[in-house]
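Each chain is listed here by its residues.
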Amino acid sequence: MTKKVLKFGGTSVGSIERILHAANLIKKEHSKGNEIIVVVSAMSGNTNELIKKSKSISEKFIKRELDLLLSTGEQISTALITGALNELGVKAKSWMSWQIPILTEGEHTNARIINMSVKKINKYLSEGGVAIIPGFQGLSSVGDITTIGRGGSDATAVAIAKIFNTDSCEIYTDVDGVYSSDPNKIPVAKKIPKISYDEMLELSSVGAKVMQSSAVQTAMMYEIPLQVKSTFTNREGTEIFNQENIDYSKAVTGVAYSKDDAKITLIGVQDKPGVAADIFEPLDKNQINVDMVIQNISPDGKTTDITFTIKRNDLKKTIETLNLNKKIKFKNLNHNDKVSKISVVGAGMVTTPGVTFKMFRALADENINILAISTSEIKISVIIDETKTLEAIKKLHSIFKLN
Ligand code: ADP
Ligand code: ASP
Ligand code: MG
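Residues numbered from 1 in each chain as written. Chains lettered and ligands numbered in written order. Predicted model: local features only at pLDDT ≥ 70, side-chain atom pairs only at ≥ 80, totals over all residues. Heavy atoms only, no water.

S.K.: Explain the site of ligand 1 to me, using residue names and the numbers behind them.
M.R.: Every one of the 16 residues lining ligand 1 counts as a neighbour, but Thr173, Asp174, Tyr179, Asp182 and Asn184 are closest to it. In this structure, an oxygen atom belonging to ligand 1 sits 2.9 Å away from a main-chain N or O atom of Gly10. One nitrogen or oxygen atom from the side chain of Asp174 is found 2.9 Å from an oxygen atom belonging to ligand 1. Split into classes, the residues belonging to the shell around ligand 1 amount to six nonpolar, six polar and four charged. (Near = heavy atom within 4 Å. Polar contact = N/O pair within 3.5 Å; in protein donor to acceptor, adjacent residues only side chain to side chain. Nonpolar A, V, L, I, M, F, W, Y, C, P; charged D, E, K, R; others polar.)

S.K.: Can you explain the nonpolar core? Please cite residues and give values.
M.R.: The biggest cluster of nonpolar side chains holds 48 residues, and the ones touching the most others in it are Ile121, Ile160, Cys169, Met200, Met211, Leu226 and Ile240. Sorting elements by how many residues they give to this core places helix α5 (residues 153-163) first, with six residues. In this structure Ile240 touches Ile195, Ser196, Tyr197, Met200, Met211, Ile224, Pro225, Leu226 and Val228, once residues within four positions along its chain are discounted. (Core = buried A, V, L, I, M, F, W, Y, C linked by side-chain atoms within 4.5 Å. Buried < 20%, exposed > 50% of the residue type's maximum accessible area, 1.4 Å probe, protein only. Helix = DSSP H or I, 4+ residues; strand = E, 2+ residues; numbered from the N terminus. Contact = heavy atoms within 4.5 Å.)

S.K.: Report on the pattern of salt bridges, specifying residues and quantitative values.
M.R.: Overall, the coordinates contain 19 salt bridges when judged by the stated rule. Notably, a salt bridge pairs Glu386 with Arg312, separated by 3.0 Å at the nearest N-O pair. Of the two residues, Glu386 is situated in the loop between β20 (379-385) and α11 (389-399) and Arg312 in the loop between β16 (303-311) and α9 (315-324); the sequence distance between them amounts to 74 residues. Its salt-bridge partner being Lys338, residue Asp337 comes within 3.2 Å of it at the nearest N-O pair. Since its relative accessible area comes to 25%, Asp337 is described here as partly exposed. (Salt bridge = Lys/Arg side-chain N within 4 Å of Asp/Glu carboxyl O.)

S.K.: Any details on the sheet that holds strand β18 (residues 339-345)? Residues and values, ideally.
M.R.: Strand order in the open sheet formed by four strands is β13-β18-β20-β19, with antiparallel pairing between adjacent strands. The open sheet has two edge strands, β13 (254-258) and β19 (372-376), and neither has a second partner. Shown here is a sheet whose adjacent strand axes are inclined to one another by a mean of 20°, direction ignored. Here β13 runs beside β18; their pairing, made up of five bridges, is antiparallel. Its bridge partner lying in β18, Tyr257 is registered against Ile342. (Pairing = 2+ DSSP bridges. Axes fitted to C-alpha atoms, helices over the stretch in contact; angles between N-to-C directions.)

S.K.: Give me the lowdown on the sheet that holds strand β14 (residues 261-270), citing residues and values where you can.
M.R.: The four strands lie next to each other as β15-β16-β14-β17, forming an open sheet whose pairing is antiparallel. The open sheet has two edge strands with one neighbour each: β15 (290-295) and β17 (332-336). Across the sheet, the mean angle from the axis of one strand to that of its neighbour is 15°, orientation sign disregarded. In the sheet, β15 pairs with β16 via four bridges, with the strands oriented antiparallel. Its bridge partner lying in β16, Val290 is registered against Ile310. Against the sheet, helix α8 (residues 275-285) makes contact with β14, β15 and β16, and its axis sits at roughly 25° relative to β16, the strand it touches most.

Encoded structure:
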């Protein structure tokens, strides 16, 4: 007997018709004799609507209450899919995360799953039932409902696969696998049949939201193979697993983008030891994450310019923190939040020289200015003008032969 986690994303349960479709898919898997745990996201758009409602009351809506609000999205879809399975004659039962319980640690809206109780659910599975569990939510040590970050149902699915020691973890979504770029934006993007954890982690952390990055991180840590496939077609999906047996004849596996960043330049900062620490220490204290940093050569030996990027949501807080910082002096502060981050990712880069140069040349040929750069062993990211996003992705896609 095979024990499986089947996770259905928001679009896959986005309407009653789709819920019935997903229920039929679950029924089919169950009738093959598999033990099935289903993880469900909120119906598509629902979480965004709830966030919007909270904001219409207050931009600073208390996070404990926000988690309570957001968790209702998954409660609805969990109940509906359980009802649909019962209607199809399948024995199925739902549990909210507090009923299991799924325990989390960390702050509200961004908690992490640390453990869950398996007893009740394992008993139900052994009696031939299908267990339906909401993604995205958990319970804190003081008994409050928490959520685990946007796209977090993926992380719930992976945590369940680990803690229940299942044979597979299948992520059902609205595309039929992981592509070389977002297939909804770049129609010539190609499906990647097999991809390593490292590459998927880099791709999802720079914007490929088809898998949530912390879910990939957990899967990598515990070597849990993942399958990404379509709820709506029978086509082969993508396997995410260990690096071995993957063909690295291509330097670049995928191109991703995100519009979550903002760029800040401090002009005329004193050029002396310790100044960078003085700039960034208060940002760190305010939990502002700095991504890329560029410091120009000082033309006069006295002052220099420092450019760095942060999350767009942190822009206001960052400017306030810099202006309040008594330890630093600068002539001017420029900021730009109309930028996007374009990244190329590929484990093949390690053995293929010249990827960086090719990327920069390709962007230059399109007259696209690079505003900041960062690299890792298997990733190169650049910040560019937001309006050039699609042009850049298309060009990189073609230059690295991903079409
Ligand atoms: P779900 O609700 O099922 O979790 P998401 O919306 O979170 O689905 O993720 C699926 C979406 O990810 C796709 O509709 C697609 O637009 C987007 N996407 C971005 N980059 C990629 C990529 N490289 N491959 C596949 N899909 C991608
Ligand atoms: N409903 C949550 C979100 O929209 C979690 C998820 O869909 O994975 O972020
Ligand atoms: Mg998702």
